[in-house]
Amino acid sequence: MKKTEPEERNLILGFVQGAVIIAAVLCMIYGIRRGELRPLVNKAIRICMECIGLG
């Protein structure tokens, strides 16, 4: 049975979304392994404290 055009498009979009999610997770794992998590969290805390006026 031949798939209709919207079904084919949804299938392609699903693969693209899956590939983007996998790439994002791999980039996060790479950054964590390089030790970039602690500086990132420290910067985020500093920015939040400045925004609410505690810093």
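These notes cover the structure that comes with them. These figures come from a predicted structure and were not determined experimentally.

Right, let's get into the overall build of the protein. From N to C terminus, the protein includes 2 helices and 0 strands. Its C-alpha radius of gyration of 20 Å places the protein more than 25% over the 10 Å reference for a compact globule of 55 residues. Each principal axis of the C-alpha distribution contributes one length, and for the protein these read about 65 × 30 × 10 Å. A total of about 5400 Å² of accessible surface is found on the protein, and carbon and sulfur atoms cover 68% of it. Across the protein, the 8 positively charged side chains and the 5 negatively charged ones have centroids separated by 12 Å.

For helix H1 (residues 5-33), with 29 residues, the first-to-last C-alpha span of 42 Å sits near the 42 Å given by 1.5 Å per residue. In terms of burial, H1 is largely open, as just 1 of its 29 residues are buried. Positive backbone phi, at 85 degrees, marks Gly35, one or two positions downstream of H1.

Relative to the 21 Å expected for 15 residues at 1.5 Å per residue, helix H2 (residues 37-51) spans 21 Å between its end C-alpha atoms, a close match to the ideal helical length. Gly53 sits one or two residues past H2 and shows a positive phi near 85 degrees.

All told, the structure shown has 1 salt bridge when counted by the stated rule. Between Arg34 and Glu36 there is a salt bridge, and its shortest N-O distance comes to 3.3 Å. For Arg34, a relative accessible area of 53% puts it in the exposed group.

Now for the state of the cysteines. The final tally for this structure, using the stated rule, is 0 disulfides. Looking at the unpaired Cys51, the closest cysteine sulfur is the one in Cys48, lying at 6.3 Å.

Moving on, we get to the environment of Ile12. Here Ile12 is to be found in helix H1. Given a relative accessible area of 53%, Ile12 falls into the exposed group. Sequence-wise, Ile12 and Met49 are 37 residues apart; in three dimensions their C-alpha atoms are separated by 43 Å.

Here is what the cut-offs are and how they apply
- Residues numbered from 1 in each chain as written.
- Predicted model: local features only at pLDDT ≥ 70, side-chain atom pairs only at ≥ 80, totals over all residues.
- Heavy atoms only, no water.
- Helix = DSSP H or I, 4+ residues; strand = E, 2+ residues; numbered from the N terminus.
- Rg over C-alpha atoms; globule rule 2.2 N^0.38 Å.
- Areas by Shrake-Rupley, 256 points an atom, 1.4 Å probe, with all protein chains shown as cover.
- Lys, Arg positive; Asp, Glu negative; His and termini not counted.
- Charge placed at Lys NZ, Arg CZ, Asp CG, Glu CD.
- Expected span 1.5 Å × (residues − 1).
- Buried < 20%, exposed > 50% of the residue type's maximum accessible area, 1.4 Å probe, protein only.
- Salt bridge = Lys/Arg side-chain N within 4 Å of Asp/Glu carboxyl O.
- Disulfide = S-S within 2.5 Å.

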